[in-house]
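Architecture at a glance
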Amino acid sequence: MATSAIQAGDVLVSIPRGALVTCNTILEDVEFRRVLENSCLKFKTMEILSIFLLYQKYLREKSEWKPYLDSLPTAYTVPVYCTAQEIRLLPDFLRTSAHSQIESVAQCFTKLRTVISCGTSDFSSLFSPLCIEDVKWAWFTVNTRTVYLKNDSPSPILVDEDVCALAPYLDLLNHTSTAQVTTGINKLNNCYEVITQVPYAKFCQVFINYGPHDNIKLCTEYGFVLPDNPYNYVPVSLEEVLYAAFLIRGNTVRKNRLHERGQNSVKGGKLVREDGIHEKKGNSVREYGLHEKGGCSVQENKIYDKVINLTENRVYEIRVESDRENRIYEKERNSIWEMVINEKRKLISYHGVDKNLSLSKDGPSWNLEVAVTVCVSTPEELSRDWNIVYSYPHRLGNRDRWVECLNLLVQYKISQLQKCLMDLAMLGGCSEACEVVRQLLEGCCDILGSIKIVD
């Protein structure tokens, strides 16, 4: 809280460089550096900082950093601190992130055990018994509290850039997306400073800004969410896009089969067109739009050739009056569609639009628009003018299919997240970390519910 009015350009925080915890300051401890070097291991910056925190924590009253350590939380509210049962119920995008962080903690734990075995008896006794929960605490203390500070002369024992520093007590200031600050070392006084670019009235809470982070980032990395975060979005996987396209294809197939029964006749138990020609699997080529290639790249032409060969070379006849034959008919169509989807997956990945697929209050991301366009368009449509896919993806092919696929995707994501919320609620009392996750998922549902994709 501001004890007096603060103007834009005022310094909010000034921390002497010597009070920052960096790899350089840590490695100035001769004994600590020798133990790390004796292990013959290479470390990430976060691992060095985490091991140092534990070392100081186990020193207890002897640690010169004790006042800072006493100010730190004993646990955090990131998804990794959910119970194992809660983590299993998280949506994929949160569960994947949690598993990745758990793996990072495990790697740090393994390296620390090696370091301990290389230390003196006094050093090793500090860490006995070593608990992975303590390593998790140290790792997330670093993960949630470091600031960006680049070291141009990193230690040779590091395998990554030395850009992290712990700034004691800076974490007492909260983040908001509306705060505007500049940070860095003031070369005149050799202090790390945070300078506000917006004013604050007396008695108002003062904020800092971690960066343009959405709520998923804030939840997984820092353990909180903002109620009205302008950077919010809901991630979508390519497999979910392909699944939505598959469901739309299912509706089309059912309509086409009804149409076939009305337009064709049965002769000798075989499906025959009015011109007397037996229906062949080539019809599937036409149904899925796998027609002639146009002005595509060599790679795309190869993809289309493969799809067409897979479909044109397999001919079959269908007995429409037989349930068994109808099931075979549907199975074969599904098999063809799976091959088509496989090739479209390759095409989307080839053009680099399989990442950053998302939905926000502004609608689908550009990458998602392109991915949906590829999924619902025929190769013939795509080959007419591939550039239009990048410029105006929704104008290509059948816009009805495009709109239907996106709306289906939105509804699918809503159902998926609502199921997660219901499953978590059925567990009864949830952890503090799970409560933050619940707030995040409810916010995601609100975003999806506000999206209107119309013709």
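Parameters at a glance
Residues numbered from 1 in each chain as written. Predicted model: local features only at pLDDT ≥ 70, side-chain atom pairs only at ≥ 80, totals over all residues. Heavy atoms only, no water. Core = buried A, V, L, I, M, F, W, Y, C linked by side-chain atoms within 4.5 Å. Buried < 20%, exposed > 50% of the residue type's maximum accessible area, 1.4 Å probe, protein only. Helix = DSSP H or I, 4+ residues; strand = E, 2+ residues; numbered from the N terminus. Contact = heavy atoms within 4.5 Å. Pairing = 2+ DSSP bridges. Axes fitted to C-alpha atoms, helices over the stretch in contact; angles between N-to-C directions. Polar contact = N/O pair within 3.5 Å; in protein donor to acceptor, adjacent residues only side chain to side chain. Parallel < 35°, antiparallel > 145°, perpendicular 65-115°, else oblique. Left-handed = near helix turned anticlockwise from the far one by under 90°. Nonpolar A, V, L, I, M, F, W, Y, C, P; charged D, E, K, R; others polar. Expected span 1.5 Å × (residues − 1).

Notes on the nonpolar core
Across soluble globular proteins, nonpolar side chains have a tendency to be buried as a group. With 100 residues, the main nonpolar core has Leu368 and Leu441 as its most contacted residues. The leading source of residues in this core is helix α17 (residues 399–425), at eleven residues. Residue contacts for Leu441: discarding those within four places in its chain leaves Pro91, Phe93, Leu94, Leu417, Cys420, Leu421 and Leu424. With twelve residues, the next largest nonpolar core counts Val147, Leu149, Tyr192 and Val194 among its residues.

What to know about the sheet that holds strand β12 (residues 363–364)
Spatially, β8-β11-β12 is the arrangement adopted by the three strands of the open sheet, whose pairing is antiparallel. Because the sheet does not close on itself, it has two edges, and the strands there are β8 (234–235) and β12. Note: β8 against strand β11 (residues 358–360), two bridges, orientation antiparallel. Looking across to β11, one finds that Pro235 is bridged to Ser358.

Quick word on the sheet that holds strand β6 (residues 191–196)
The strands that make up a sheet are held in pairs by hydrogen bonds between backbone atoms, and each pair lies either parallel or antiparallel. Read from one edge of the open sheet, three strands run β1-β6-β5, paired in antiparallel fashion. Looking along the sheet, the strands with just one partner apiece sit at the ends: β1 (11–16) and β5 (181–186). Averaged over all pairs of adjacent strands, the angle between strand axes in this sheet comes to 15 degrees, irrespective of strand direction. Strand direction decides the pairing type here: β5 and β6, joined by six bridges, are antiparallel. Within β6, the position partnered with Thr182 by the bridge is Ile195.

Structural notes on the side chain of Asn232
With respect to the helices and strands, the residue Asn232 is situated in the loop between α9 (215–222) and β8. Here the side chain of Asn232 touches Asn215 through a polar contact of 2.9 Å, landing on its backbone nitrogen.

Considerations on the packing of helix α6 (residues 92–118) against α9
Interaxial distance between α6 and α9 falls to 11 Å at its minimum, and their mutual angle equals 30 degrees. Here α6 lies roughly parallel to α9, going by the angle between them. Regarding α6 and α9, the two cross each other, and that crossing is right-handed. Taking contact as the criterion, the partners of Phe93, Leu94, Ser97 and Gln101 in α6 are, on α9, Ile216, Thr220 and Glu221. Its residues assigned to classes, the contact of α6 with α9 comprises three nonpolar, three polar and one charged.

Re the environment of Ala8
Along the chain, Ala8 falls in the segment before β1. Beyond its immediate sequence surroundings of up to four residues, Ala8 is in contact with Thr196, Gln197, Val198 and Pro199.

Considerations on the packing of helix α2 (residues 30–38) against helix α3 (residues 45–59)
Where α2 contacts α3, the two axes come as close as 12 Å, and the packing angle between them is 130 degrees. Between α2 and α3, the angle is such that the two are oblique. The interaxial crossing formed by α2 with α3 has right-handed handedness. Across the interface between the two elements, Glu31, Phe32 and Leu36 of α2 pack against Ile48, Ile51, Phe52 and Tyr55 of α3. Its residues assigned to classes, the contact of α2 with α3 shows six nonpolar, no polar and one charged.

A word on the pairing of β6
Within a regular beta strand, the side chains point alternately toward one face of the sheet and then the other, so they alternate between its two faces. Here β6 lies mainly inside the structure; five of its six residues are buried. As paired elements, β1 and β6 share five bridges and run antiparallel to each other. For Ile15, the partnering residue across the bridge sits in β6 and is Tyr192. Between β5 and β6, which pair antiparallel one after the other, the connecting turn spans four residues, and Asn190 there sits at a positive phi close to 55 degrees.

Remarks on α6
Taking 1.5 Å per residue as the helical rise, α6 with its 27 residues ought to reach 39 Å, and the 39 Å between its terminal C-alpha atoms agrees with that figure. Among the residues of α6, Phe93, Leu94, Ala98, Gln101, Val105, Cys108, Phe109, Leu112, Val115 and Ile116 are the ones counted as buried.

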